[in-house]
Amino acid sequence: YSNFIDNLRVYVRGGTGGMGYPNLGGEGGRGGDVWFVAREKTTLKSIREKYPHKRFIAGTGANSSVKALKGEKGKDREVHVPLGISVLDDDGKQIGELNAAGEKFLAARGGLGGSLATNFLPCKGQRRTVHLDLKLIADVGLVGFPNAGKSSLLSKISHAKPEIANYAFTTIQPELGKIMYADYKQISVADLPGLIEGAHANKGMGHKFLKHVERTKQLLLVVDISGFQLSIKTQFRTAFETILLLTKELELYKEELVTKPALLAINKMDLPCAKDNLDELMTQLENPQDFLHLLEEEMIPANTLEFREVIPISTYTGEGIEELKTCLRKSIDEQAEQVNEEYRKKKLLLLQTSK
């Protein structure tokens, strides 16, 4: 996971103010500020490589003088950061976030220059240690236990070329791909590191996975129709149990994740008995309450996910892949229309109340 950095601890310090001029009542210039500025094609890894000391200090304000009673402000320091950054203080409290290119966050304010109020002595700038926490931004996040076929699916539906192998933890860092449609519409899809039971408690990649799910508009659960078993030491789970366990992990980490629009891809339909397993699964999904007794009580989610579409697929034969792409497009378009409608209603309400 070390090649992909999603958290960086940095030190920021605003510039010290300039000296005042007591004899003539002159004011020193204010110290410069440290700003985080969101910029595309920037990574936390590139910041660490370019600034190994991870210290960002703004310029000192100019002293007041006979020639310039009002000293000039110190030079600001701008630090370019990736899109989708949360800024946390040392206690883990979020103090800001940057989601769109050009957005700025004041990380450390410069100190006041010397003046009558400060007995003409300058003030030091704000100084603190902050954490830059990256959360991917994608239209669709692939959610599934290891070896469900998420990486294979991403390579089938997009131009991404993730490494694929037949062992439990294939994906060890997030992979982003784009689905291209005939009308040039693009949908970004993130294949995230595989979940395991207990991820909400930070087992496996735990929070590294779950925090990325927060920044996806929709979820696409990918489930192996033949079931899942992490190792010989762990319990075998059917496809239905897998869906419930994935839902539980999302719910325990952050309840709002379960309210995201979700689709379900039933993978490996080329396997023997897949058709019979699918018939059984569809019966279970139609009335999930009747089958909750199959799981231990503490593993049953409070709310079951409602899937907009359930699509049987095979990344091996290509079955259902085009249908899945169509369903994703339809679901994303419907969500965008819903957001636009809510925005229009809000605007209309503001106009009515202002009148």
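Per an unreviewed UniProt entry, the protein chain goes by the name GTP-binding protein 10 and belongs to Sylvia atricapilla. The Subcellular location (unreviewed entry) field of the UniProt record for the protein chain holds the comment "Nucleus, Nucleolus".

### Considering the overall build of the protein chain
From N to C terminus, the protein chain includes six helices and 14 strands. Counted over contacts in the protein chain with a minimum sequence separation of 6, partners at least 24 positions apart contribute 72%. Counting only carbon and sulfur atoms, one obtains 51% of the accessible surface of the protein chain, whose full area is about 18,800 Å².

### Notes on the pairing of strand β13 (residues 262-267)
With six of six residues buried, β13 lies mostly within the body of the structure. Side chains A262, L264 and I266 of β13 all project onto a buried face; the interleaved residues L263, A265 and N267 project onto the opposite face, where all are buried too. Alignment of strand β12 (residues 216-224) against β13, held across six bridges, turns out to be parallel. By the bridge assignment, D224 is partnered in β13 with N267. Handedness of the crossover joining β12 and β13 through helix α4 (residues 239-253): right-handed. One ladder, built from four bridges, connects β13 with strand β14 (residues 307-312); its direction is parallel. Directly across from A265, in β14, lies its bridge partner I311.

### A few points about the sheet that holds strand β4 (residues 77-81)
If you walk across this open sheet you meet the three strands as β4-β2-β7, and the pairing is mixed. Both outer strands of the open sheet, β4 and β7 (104-108), are each paired with one neighbouring strand and no more. Looking at each pair of strands side by side, their axes are set apart by 30 degrees on average, direction ignored. With four bridges connecting them, strand β2 (residues 34-38) and β7 associate as antiparallel partners. Note that in β7 the partner of W35 across the bridge is L106.

### Focus: the packing of α4 against helix α5 (residues 274-286)
With their axes 9 Å apart at the nearest point, α4 and α5 run at an angle of 40 degrees to one another. As summarised for this structure, α4 and α5 are arranged oblique, according to the angle between their axes. Here α4 contributes A239, F240 and I243 to the contact with α5, which in turn contributes L281, Q284 and L285. Tallied by class, the residues present in the contact of α4 with α5 amount to five nonpolar, one polar and no charged.

### Observations regarding the sheet that holds strand β11 (residues 186-191)
Ordered in space as β10-β11-β9-β12-β13-β14, the six strands form an open sheet in which the pairing is mixed. Across the chains shown, the open sheet's two edge strands, defined by having one partner strand only, are β10 (175-180) and β14. Going across the sheet, the axis of each strand differs from the next one's by a mean of 25 degrees, ignoring polarity. Taken strand by strand, helix α2 (residues 150-157) contacts β9 (138-143), β10, β11 and β12, and its axis lies near 160 degrees from that of β11. Packed onto the sheet, α5 meets β13 and β14 and runs at close to 170 degrees relative to β14.

### Structural notes on the packing of α2 against helix α6 (residues 321-354)
It is the contact of α2 with α6, at a shortest axis distance of 11 Å, that shows an interaxial angle of 80 degrees. Taken as axis vectors, α2 and α6 run roughly perpendicular relative to one another. Residues L153, K156 and I157 of α2 form the contact with α6, whose own contacting residues are I321, L324 and K325. Classifying every residue of the contact of α2 with α6 gives four nonpolar, no polar and two charged.

Calculation rules
- Residues numbered from 1 in each chain as written.
- Predicted model: local features only at pLDDT ≥ 70, side-chain atom pairs only at ≥ 80, totals over all residues.
- Heavy atoms only, no water.
- UniProt positions renumbered as here; feature names shortened; annotations may be inferred.
- Helix = DSSP H or I, 4+ residues; strand = E, 2+ residues; numbered from the N terminus.
- Contact = heavy atoms within 4.5 Å.
- Areas by Shrake-Rupley, 256 points an atom, 1.4 Å probe, with all protein chains shown as cover.
- Buried < 20%, exposed > 50% of the residue type's maximum accessible area, 1.4 Å probe, protein only.
- Pairing = 2+ DSSP bridges.
- Right-handed = clockwise from strand over helix to strand, strands pointing away.
- Axes fitted to C-alpha atoms, helices over the stretch in contact; angles between N-to-C directions.
- Parallel < 35°, antiparallel > 145°, perpendicular 65-115°, else oblique.
- Nonpolar A, V, L, I, M, F, W, Y, C, P; charged D, E, K, R; others polar.

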